[in-house]
Amino acid sequence: MAVKSNSQPAPQRQVVLTFATPSVADILFYETVDGQRIGTAVPDYGTPHPDSRKWPNHKLVFIQNDDEAGQMLRYYYAADRNAQEEHNWKVSYPYAGLTTCPRFSCEFIESDEVFNPIAKGTAHPLDLGVDTPEENLRFVGAKLIYEEEVELPEELRSIYHAVQRVYDKVPTIAEQEAFNFEVEYPYLANTAYPRTIRRYVVPRADLSSAVIPSAGLNLNGATLAARKVDRFEGQPEDSLYVLVTTIHDKIPLLSSGTDATFLNSYGYQVTRPYGTDDHSRVEWKIPALKGGYSAAVDYSACPIIGYTSLLLTDETVSANPDNAGTVDVTRVYDSLPGPSLASEEREKFASVPEGFIVERKIETLRQPVKNDATISALDTTAPNATGGALIQTRLGVGGANTVVLEKGSTRLTATFGPLTGVEYDSETGKVFNVTRQIVAAGTAGAALNGSGEFSTIDPINQYFSIKETRKATTLGTGANGLTWEDVVNYSWPAVLEAINIFQVVAKDGHTIRYGYDVELKEAYSGPCRAQITETWSSTAQSLPTLTYMQPRAIEFDFPMTRNFSIPQTLHLAFTMTEVIGTNHPELAYTTTTKAFPATNYTDWPASIVAAVSQTPYRGGFKMRKVVVYKPGT
């Protein structure tokens, strides 16, 4: 930029760039100025336009070369936009098109002096409460839900910010219920058993069970089955609102005659596990209310038409992950094909590893397996008295550490005991017990506990598993941790021990100035004795507070104590005072005082916690603490 003169000529021409808003007062323009004539008097950004009569509100916002030689300059001028909320919004209707619940998206340009973020939930600037003009009533109830600073054109960046703001007027619960439902028919599309799904937009501050109605649409007595709360991830509503989803289900129940008739044609499948249509198996999956379910009677007849000769042999109940108020019930109805199908070859006796066996006994039973659907005709005390409904091996408990295996006309009784040993933890030098024992298949393992002990399950077959209990680590907390001494490098700051002030006296006897002599304990940086402790816990421990010595420098400049300076040291609290008496030949009577507070440590402590770290380790957390002792100890 060529600068040769301090004078500023009148513009040679004026060019209007844009009408920035519907308001004529918001016009943005530039003026072309001869750079050689203005010299060094380039005005600052924000300087008012020199023609205050014509442009009373415009300020200089940008300067740009107008030619390659840099002799002509463009001065851009803009005015604060003081009424932009009246025209710069866009409206949409995200809530099922309800015109009473609009969303306003606005972009504001604000000067650096007034720009500040606005709290979420702030009312729209045109919502003036009881004094709101009729033309602004659409803004009543709209609240700020989103704010983001956006990029301005280069000409305006010097003194302005641009921000996008979104104001939302969320419908009331009653208004939302006019449009926020979906209806499904999950039970074979039978319209007598609907499922109603509602989604509510709810302020976080109002989130409670009382806000959302518990009753659904009145569709054949649907009741609340599930409710969940989700965030509006990545959406403007996430700042103030959550999405509450409710599911109301009309569930068919066996206790109702009408429902039971429907369920007899719902959710079942037929298989032939024994290779013949004479002996089928039916698996029947039906819904049930979580609080109203009751188990079926053992060996009850199958209610499904065409399979009433089959008997109940198994029943499982599992939670429904979609509807917290319901469960899924699976009932298995089966038949036994009889001895002619060589069933003994289909299933081997479940075996236990020999190392666990204490005693084994095999017996031959007199009553054979029967293919008979009449339970009353069988001896219910015998191991196979199951109404002809079981073919697989039966597993029962015969006492402590004893199992009974029954198949056909043979019974195996096995008694076993646990195996216990000791293993060595090479890291700590300690030993720990390891126990292995036989448990029923499906037994759960045990997660890591506070002592570092856990259990794993190793399956043997479909009846037995081996449970092994051991320690992940013998590194414990407190006295059970590891502690040892080492030498580490550490720095100790200097310590101020004394300040000796002396006078410098002229030949005529008056004091010229004060001098000083400082006594220090020298700083030390090097090897120090340290104690290191490592402990373990199953959850993250609270870290001990690290201690720091915080030395401070001492500096002051009094009339007669000149350039007093001591580098950073630990020191006691003290006050320096200088008094110039009335008989000084040159200086007036003066008292100068400066106080110096004590540092957090006034001398080296006996020890200091120098380092603490915590890392995941063997299923828990290992904490390492280093305590350093002061030099010479």
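No experiment lies behind these values; they were computed from the predicted model shown.

(A) Expanded view of the overall build of the chain. Helices and strands together make up the secondary structure of the chain, namely three helices and 34 strands. A total of 633 residues make up the chain; the buried ones form 37% of that total. Summarising the internal contacts of the chain: among those between residues at least 6 apart in sequence, 59% fall at separations of at least 24. Taken as a whole, the chain presents about 35,000 Å² of accessible surface, with 50% of it coming from carbon and sulfur.

(B) How the structure looks around a nonpolar patch on the surface. A cluster of nonpolar side chains, namely Phe 181, Val 183 and Tyr 185, defines an oily patch on the protein surface of about 240 Å² accessible area. Tracing the backbone shows Phe 181 in strand β9 (residues 181-184).

(C) Fine view of the pairing of strand β14 (residues 281-289). The sheet contact formed by strand β13 (residues 268-271) and β14 spans four bridges and is antiparallel. Along β14, the bridge assignment pairs Gln 269 with Glu 283.

(D) Main features of the sheet that holds strand β5 (residues 89-92). The strand order across the open sheet formed by four strands is β5-β6-β8-β7, and the pairing between neighbours is antiparallel. Only two strands of the sheet have a single partner each, and these edge strands are β5 and β7 (143-150). Taken over all neighbouring pairs, the strand axes of this sheet differ in orientation by 20° on average, direction set aside.

(E) Geometry of empty space enclosed by the protein. Applying the stated criterion to the full structure yields three cavities of 30 Å³ or more. As for the second largest cavity, its lining consists of Asp 26, Ile 27, Leu 28, Ala 78, Ala 79, Arg 81, Ile 109, Leu 156 and Tyr 160. Going through the elements one at a time, β2 (27-34) and β4 (72-79) are the ones with two or more residues in the lining of the second largest cavity. Per-class residue counts for the lining of the second largest cavity are seven nonpolar, no polar and two charged.

(F) Layout of the packing of aromatic side chains. In the structure shown here, the tally under the stated rule is 15 aromatic pairs. Ring geometry for Tyr 193 and Phe 262: centres 4.8 Å apart, planes at 25°, overall stacked. Of this pair, Tyr 193 sits in the loop between β9 and β10 (195-203) while Phe 262 sits in helix α3 (residues 257-263), and the two are 69 residues apart along the sequence. In terms of burial, Tyr 193 and Phe 262 fall into one category: buried. Here the aromatic residues Tyr 516, Phe 556, Phe 558, Phe 564, Phe 574 and Phe 596 are joined through ring pairs into a cluster of three or more. Here the guanidinium or amino end of Lys 521 rests over the ring plane of Trp 604, the centre of that ring lying 4.6 Å away. Sitting over the ring of Tyr 629, Arg 529 keeps its end group 4.0 Å from the ring centre.

(G) Region of interest: the pattern of salt bridges. Within this structure, the stated rule accounts for 18 salt bridges. Among the salt bridges present, the one from Arg 281 reaches Asp 334, with a minimum N-O distance of 2.9 Å. Of this pair, Arg 281 sits in strand β14 while Asp 334 is found in strand β16 (residues 326-334), placing the two residues 53 residues apart along the sequence. Residue Asp 334 is classed as buried on the basis of its relative accessible area of 5%. In this structure, Asp 603 engages Lys 521 in a salt bridge whose closest nitrogen and oxygen atoms are separated by 2.9 Å. Residue Asp 603 is located in the loop between β32 (590-596) and β33 (607-617), and its partner Lys 521 is located in strand β27 (residues 511-521); the two are separated by 82 residues in the primary sequence. Residue classification places Asp 603 among the partly exposed positions, given a relative accessible area of 35%.

(H) The sheet that holds strand β24 (residues 464-471), seen in detail. Strand order across the open sheet formed by four strands is β21-β22-β24-β23, with antiparallel pairing between neighbours. Two strands in the sheet have a free side with no partner beyond their single neighbour: β21 (419-425) and β23 (453-459). Across the sheet, the mean angle from the axis of one strand to that of its neighbour is 25°, orientation sign disregarded. Of the strand pairs in this sheet, strand β22 (residues 430-440) and β24 are connected by six bridges, and their pairing is antiparallel.

(I) Examining the environment of Thr 577 more closely. Mapped onto the fold, Thr 577 is located in strand β31 (residues 574-580). For Thr 577, a relative accessible area of 48% gives the class partly exposed. In the structure, Thr 577 is positioned 18 residues away from Ala 595 in sequence and 8.6 Å away in space, judged by C-alpha atoms. Contacts of Thr 577, omitting those with residues within four sequence positions, involve Phe 558, Thr 591, Thr 592 and Thr 593.

(J) Summary view of the nonpolar core. Tyr 187, Phe 262, Leu 263, Trp 284 and Tyr 333 are the most contacted members of the largest nonpolar core, which has 18 residues in total. For this core, the secondary structure elements donating two or more residues are α3, β14 and β16. Each residue touching Tyr 187, except ones within four places of it in the same chain, is listed here: Tyr 193, Arg 195, Asp 249, Lys 250, Ile 251, Pro 252, Phe 262, Tyr 266 and Pro 287.

(K) Spotlight on the environment of Tyr 167. Note on placement: Tyr 167 falls in strand β8 (residues 160-168). The exposure class assigned to Tyr 167 is buried, which follows from its relative accessible area of 1%. The residues touching Tyr 167, leaving out its near neighbours within four places in the chain, are Pro 102, Arg 103, Phe 104, Cys 106, Ile 118, Thr 122, Ala 123, His 124, Pro 125, Ala 142, Lys 143 and Leu 144.

(L) Looking closely at the environment of Pro 585. Within the secondary structure layout, Pro 585 lies in the loop between β31 and β32. Residues Pro 585 and Thr 511, 74 residues apart in the sequence, show an inter-C-alpha distance of 9.6 Å.

(M) Spatial organisation of the pairing of β2. Burial analysis of β2 places eight of its eight residues in the buried class, the great majority of the element. Neither face of β2 is left uncovered, since the one carrying Ile 27, Phe 29, Glu 31 and Val 33 and the one carrying Leu 28, Tyr 30, Thr 32 and Asp 34 both have all their residues buried. Bridge analysis of β2 against β4 gives six bridges, and the strand direction is antiparallel. Looking at β4, one finds that Thr 32 is bridged to Arg 74.

Criteria and cut-off values
- Starting afresh in each chain, residues are numbered from 1 along the sequence in its written order.
- Reporting of local features is limited, given that this is a predicted model, to residues whose pLDDT is at least 70; pairs of side-chain atoms are given and counted only at 80 or more, and all residues count toward the totals for whole chains, interfaces and linings.
- Think of the side-chain values as coming from all heavy atoms in the structure, minus any hydrogens and water.
- Per the convention used, a helix needs a DSSP run of H or I reaching at least four residues, while a strand needs a run of E reaching at least two, with both numbered from the N terminus.
- Burial classes follow relative accessibility: with a 1.4 Å probe on protein chains only, a residue under 20% of its type's maximum area counts as buried, one over 50% as exposed, and anything between as partly exposed.
- Throughout, a contact is declared for two residues whenever any of their heavy atoms are within 4.5 Å.
- Surface exposure here means Shrake-Rupley accessible area, sampled with a 1.4 Å probe, where a residue is shielded only by the protein chains that are shown.
- Patch rule: a residue counts if its relative accessible area is over 30% and it has no salt bridge; like charges are joined within 9 Å, and nonpolar side chains (Val, Leu, Ile, Met, Phe, Trp, Tyr) within 5 Å.
- By convention in these notes, a salt bridge is any Lys or Arg side-chain nitrogen within 4 Å of a carboxyl oxygen on Asp or Glu.
- Strand pairing requires that DSSP identify at least two bridges connecting the strands.
- Lines fitted to C-alpha atoms define the axes, with helix axes restricted to the stretch in contact, and inter-axis angles between N-to-C directions lie between 0 and 180 degrees.
- A cavity, in this analysis, means grid points on a 1 Å lattice covering only the protein atoms where a 1.4 Å probe fits yet has no way out; a pocket is instead an open set bounded by protein on both sides within 12 Å along at least five of seven lines, and a residue lines either one if it has an atom within 4 Å of a point.
- Grid points are joined across faces, edges and corners, and a volume is the space filled by probe spheres set on the points.
- When residue character is reported, Ala, Val, Leu, Ile, Met, Phe, Trp, Tyr, Cys and Pro are called nonpolar, Asp, Glu, Lys and Arg charged, and the others, Gly included, polar.
- Pairs were defined over the aromatic rings of Phe, Tyr and Trp, the Trp ring being its six-membered one, requiring ring centres within 6.5 Å. Orientation was assigned from the angle between planes: stacked under 30 degrees, edge-to-face over 60, tilted for the rest.
- Note on geometry: a ring has a charge over it if NZ (lysine) or CZ (arginine) is within 6 Å of the ring centre and within 35 degrees of the ring normal.
- Joining through side-chain atoms within 4.5 Å is the link that ties buried Ala, Val, Leu, Ile, Met, Phe, Trp, Tyr and Cys residues into a set, and such a set is a nonpolar core.

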